[in-house]
Amino acid sequence: MNLVLRGIGKEFTQRDVTSSALSNINLEVEEKEFICILGPSGCGKTTLLRIIIGLEPSTSGNVLIGGEPVTSPTAHMAMIFQDYSLFPWRTVIDNIAFGLEMRGVGVEERRRVASRYLDLIGLQGFGNNYPYELSGGMRQRVAVARALAIDPEILLMDEPFGALDAQTRNMLQKELLEIWDKTRKTVLFVTHSVDEAVFLADRIVVLTSRPGTVKEIVHIELPRPRDRTSPDFARIRRHVLGLIDEHLPIQ
Amino acid sequence: MHAKPGSPNDRNRFFSKSLLLKIALPVIIIIAWEVLAILINNEFILPSIESVLMVLARPFADILGSGSLVGNALISLGRVLIGFAVAIMIAVPLGIAMGRNEKVHDFFDSTVQVFRPIPPLAWVPLALAWFRIGLTAMVFIIAIGAFFPVLLNTLDGVRGIKKTWTEAAQTLWASEKQVLLRVILPGAAPTIWTGLRVGFGIAWMCVVAAEMMPGTNSGIGYLIITSYNWGQVQVIIAGIIVIGIIGLGIDALFKSVERKKFAWRELDR
């Protein structure tokens, strides 16, 4: 199903002062496309994702999925959060099975499905561990598996690798592309890292600083796996960086 | 993480040192007690250790026609459980509601703050006036004693729930009821459990005091006050020791469940 954002705008009112976080965002996402939403901190990237999945209402415009407006979390989408959102009182396997449990799937069936996704993220053997026994990278892998386990068509990812060290981050980026290749989900990936966006995306949606609006959409035609050291990669990165730099606030 | 001492030798020395420190004061108290008892030489003021041990050695024997140590302790325990259950049934749901909803919080908070500092025993005369002497009056006082620690810890636990947890659950299609039962309750459980442990401790103190109300005719508190009237100080001390041991045992029970079930709270950082 395709995802359409039509004129999304968001305003916050704090102590009678209204400020605009997002303004007139339009985007059409194709099925199985990998989109990165890139922008400086505070440009409303996270807010945009929260509006798309229905955790927050927009002030104007609407989100359409298969032509139907989204107002609350639907079965079509799942989200992977920035910080550790795993339930610390549940084992890894029961974390992954959470969504199925909420849907009333029986314990054996949901464990079976969950262990399939455990294999997919390469953590077989860790099913009975608790999240606090895992490294940061492993936890985010589990969060990916938990989102995939409900078999959504669209995965929304909110700077999921932001808290990881560079090496783990690169590894998870590769793994994510492999998973995306196997499962063919549509991915909307929010990041503030130009490098990450150029490495991952089919298209990069570059947002301006607050109020965030679409500055440019960059198509990346480079074949995968992409080589970060290639001249083409560097050229695109330079171009995207230029788009962002204009909007960096002076610090 | 638990520290693992190197060799068994190290461990022995470590334990013997800390054990020595731990038993030093009790040993001093026992010796001082015995010495004082000999010096005072008056069983009505300070009985010797032996006479207290004699009482403790026969925990099922009837004392002064008022029942045994164990029998009375069990009666007290039963009363505590009833009062404690009443407190939990009101405090936990209220704490969750206050923790989840600012309006509910603001509605109840001022009243809670006013009543919280009142010692449970200040309610004794009112309890007597309203319910007469009996189980209801005692349950009332016990429930008031246990209520506030359970309520405040539940509130605290629910407020400590990470927003990402509930939102992740929502995006995984959990209904409001499922968010409550599958996320908020287990997420707040360790803190609620701490509240139960503290609340039970206070409830246990309250029952002993409540049983000293005039007109009571059973329970460990009653046994102590009766022994006082009969000048049986060794029974008073034996009763106090039983109260202490039961309190300690139940606290240990709560703590062991905490270690087994809620370890994630300390380790999830």
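Everything quoted here is computed from the prediction, not taken from an experiment.

Draft legend 1. Inspection of the confidence of the model for chain B at higher detail. Looking at chain B, the pLDDT average stands at 90 and 94% of residues meet or exceed 70. Counted against residues more than four places away or in other chains, residues 1-7 of chain B, with its pLDDT under 50, gives 2 contacts.

Draft legend 2. Fine view of the sheet that holds strand β8 (residues 186-191) of chain A. Residue and element names in this part refer to chain A. Read from one edge to the other, the open sheet built from 6 strands follows the order β6-β7-β8-β3-β9-β10, with strand pairing classed as mixed. With partners counted over all chains shown, the strands left at the sheet margins are β6 (77-80) and β10 (214-219), one partner each. Neighbour-to-neighbour, the strand axes of this sheet turn through a mean angle of 15°, independent of strand direction. Here strand β9 (residues 203-207) pairs with β10 via 5 bridges, running antiparallel. Paired with R203 across the two strands is H219, which belongs to β10.

Draft legend 3. Summary view of the packing of aromatic side chains. Residue and element names in this part refer to chain B. Under the definition given, this model contains 20 aromatic pairs over all chains. For the ring pair F115 and W123, a centre distance of 5.8 Å and an interplane angle of 20° mean the geometry is stacked. Note on W123: relative accessible area 13%, which makes it buried. Ring plane angle 50° and centroid distance 5.9 Å describe the contact between F200 and F254, whose orientation is recorded as tilted. Taken together, the residues span a long stretch of sequence, with F200 in helix α8 (residues 176-210) and F254 in helix α10 (residues 233-261) at a distance of 54 residues. Assessed through its relative accessible area of 6%, F200 is described here as buried.

Draft legend 4. Focus on the environment of L156 of chain A. Residues and elements named next belong to chain A. Looking at the element boundaries, L156 is found in strand β7 (residues 154-158). For L156, a relative accessible area of 0% gives the class buried. Sequence-wise, L156 and I35 are 121 residues apart; in three dimensions their C-alpha atoms are separated by 9.7 Å. Sequence-distant contacts of L156, defined by excluding residues within four places in its chain, comprise L49, I52, I53, M77, A78, M79, I80 and L188.

Draft legend 5. Structural detail: the interface of chain A and chain B. Each side of the interface is counted separately: chain A has 27 residues, and chain B has 21 residues. For the pair chain A and chain B, the summed buried area comes to about 2200 Å², and 67% of that belongs to carbon and sulfur atoms. It is W89, M102 and Y132 of chain A in chain A that bury the most area against chain B; as a group they hold 31% of the surface buried on that side. Put simply, chain A and chain B have 2 salt bridges between them.

Draft legend 6. The arrangement of empty space enclosed by the protein in detail. Residue and element names in this part refer to chain A. Across all of its chains, the model carries 2 cavities of 30 Å³ or more by this definition. When its volume is computed, the largest cavity comes out at roughly 80 Å³. Lining the largest cavity are I121, Q140, R141, V144, F161, L172, E175, L176 and I179. Among the elements of the structure, α5 (136-149) and α6 (166-183) are those that each provide at least two residues to the lining of the largest cavity. The biggest single contributor to the lining of the largest cavity is α6, with 4 residues. When grouped by side-chain class, the residues that make up the lining of the largest cavity number 6 nonpolar, 1 polar and 2 charged.

Draft legend 7. Spatial organisation of helix α6 (residues 135-159) of chain B. Residue and element names in this part refer to chain B. Between the first and last C-alpha of α6 there are 35 Å, a value that for 25 residues agrees with the 36 Å anticipated at 1.5 Å per step. Maximum bend of α6: about 30°, positioned at F147, with proline P149 one to four residues after it. Of all 25 residues making up α6, 20 are buried, and the element is well covered by its neighbours.

Draft legend 8. Geometry of the side chain of T154 of chain B. Residue and element names in this part refer to chain B. Assignment of secondary structure puts T154 in helix α6. Residue class for T154 comes out buried when judged on its relative accessible area of 0%. The residues contacting T154, other than those within four sequence positions of it, are A91, V92, G95, I96 and I192.

Draft legend 9. Structural context of the sheet that holds strand β2 (residues 17-29) of chain A. Residues and elements named next belong to chain A. Here we have 4 strands laid out as an open sheet, ordered β2-β1-β4-β5, and antiparallel in their pairing. In this open sheet, the two strands that pair with only one neighbour each are β2 and β5 (68-69). Across the sheet, helix α1 (residues 45-53) touches β1 (3-14), β2 and β4 (60-65), and the angle it forms with β1 is around 120°.

Parameters at a glance
- Residues numbered from 1 in each chain as written.
- Chains lettered and ligands numbered in written order.
- Predicted model: local features only at pLDDT ≥ 70, side-chain atom pairs only at ≥ 80, totals over all residues.
- Heavy atoms only, no water.
- pLDDT = per-residue confidence, 0-100.
- Contact = heavy atoms within 4.5 Å.
- Pairing = 2+ DSSP bridges.
- Helix = DSSP H or I, 4+ residues; strand = E, 2+ residues; numbered from the N terminus.
- Axes fitted to C-alpha atoms, helices over the stretch in contact; angles between N-to-C directions.
- Phe/Tyr/Trp six-rings, centres within 6.5 Å; stacked < 30°, edge-to-face > 60°.
- Buried < 20%, exposed > 50% of the residue type's maximum accessible area, 1.4 Å probe, protein only.
- Buried area = accessible area lost by both parts, 1.4 Å probe.
- Salt bridge = Lys/Arg side-chain N within 4 Å of Asp/Glu carboxyl O.
- 1 Å grid on protein atoms, 1.4 Å probe; cavity = no way out; pocket = protein on both sides within 12 Å on 5 of 7 lines; lining within 4 Å.
- Points joined across faces, edges and corners; volume = space filled by probe spheres on them.
- Nonpolar A, V, L, I, M, F, W, Y, C, P; charged D, E, K, R; others polar.
- Expected span 1.5 Å × (residues − 1).
- Bend = angle between axes of the 7 residues up to and from the residue.

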